[in-house]
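Examining the three-dimensional arrangement
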Amino acid sequence: MHEKVLVVDDEKSIVDIVKFNLEKEGYQVLTAGDGREGLEQFEQNNPDLILLDVMMPIIGGFEMCRKVREKSNVPIIMLTARAEEVDKVLGLELGADDYVTKPFSIRELMARVRANLRRTATMSAAPEQQGQDLSAGDLKIDMDRYEVTKRGEVVELTLRELELLKFLMAQKGQVFSREYLLEKVWGYEYYGDVRTVDVTVRRLREKIEDVSGTPEYILTKRGIGYYFNEKV
């Protein structure tokens, strides 16, 4: 069965060209012209990935992203004509996995779609393909369930947050640059902004650390990047 991609944008010309290229790649495409219609499509069709415009009538992209995240960890790529850092950060803070600034190249967009769907496929892979469970301190990643717990309680993470935690935890003490993490966690075809890593780390710390401002698990190597505390 082909993966379903939901494209939500009020600019018909963009929807048409994105739909054409996605279908050419073999994806099943659903479309919506505003956030309200987008939420209806999401509820009815359970898409595998959402391309979501920020500036739309009725219900905007940020609000739709927030509502989707209340129910699902489906990958969300924000499409925005606004290049301000605050808009990019807000989308990531609300749970988006990625963003593309308009005007974007179709090649770049398709690369990001493929990279995000590959990551999603990891969740449904057989346990023997996913590797061993990981644990450190009060944290545990159950690879059978693709689930993180802290002191036995489930910690709700997005797929990207879980992938980043798994990558760092599997290589305790090793420092990775933001650029390297973009390549390995977000996908080798990712054309990205290193601030994406910073925001994801901040969100992850808020969920797994007792005090996010004084982290115990994910530490910063100033001027270089991030690493998982090997002493935990």
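Residues numbered from 1 in each chain as written. Predicted model: local features only at pLDDT ≥ 70, side-chain atom pairs only at ≥ 80, totals over all residues. Heavy atoms only, no water.

The name given to the protein chain in an unreviewed UniProt entry is Stage 0 sporulation protein A homolog, with Bianquea renquensis as the source organism.

Attention now moves to the side chain of glutamate 108. Relative to the helices and strands, glutamate 108 is located in helix H5 (residues 106-123). By relative accessible area, which is 18% here, glutamate 108 ends up buried. At 2.7 Å, the side chain of glutamate 108 forms a polar contact with the side chain of arginine 112. (Helix = DSSP H or I, 4+ residues; strand = E, 2+ residues; numbered from the N terminus. Buried < 20%, exposed > 50% of the residue type's maximum accessible area, 1.4 Å probe, protein only. Polar contact = N/O pair within 3.5 Å; in protein donor to acceptor, adjacent residues only side chain to side chain.)

What follows is about the sheet that holds strand S1 (residues 4-8). Here we have five strands laid out as an open sheet, ordered S2-S1-S3-S4-S5, and parallel in their pairing. One side of each edge strand has no neighbouring strand; the edge strands of this open sheet are strand S2 (28-32) and strand S5 (98-101). Neighbour-to-neighbour, the strand axes of the sheet open up by a mean angle of 20°, direction not taken into account. Relative to strand S3 (residues 49-53), S1 runs parallel, the two sharing four bridges. The partner of valine 7 across the bridge, within S3, is leucine 51. Sitting on the sheet, helix H1 (residues 12-24) touches S1, S2 and S3, and the angle it makes with S2 is about 165°. Docked against the sheet, helix H2 (residues 35-45) engages S1, S2 and S3, running at close to 145° with respect to S2. (Pairing = 2+ DSSP bridges. Axes fitted to C-alpha atoms, helices over the stretch in contact; angles between N-to-C directions. Contact = heavy atoms within 4.5 Å.)

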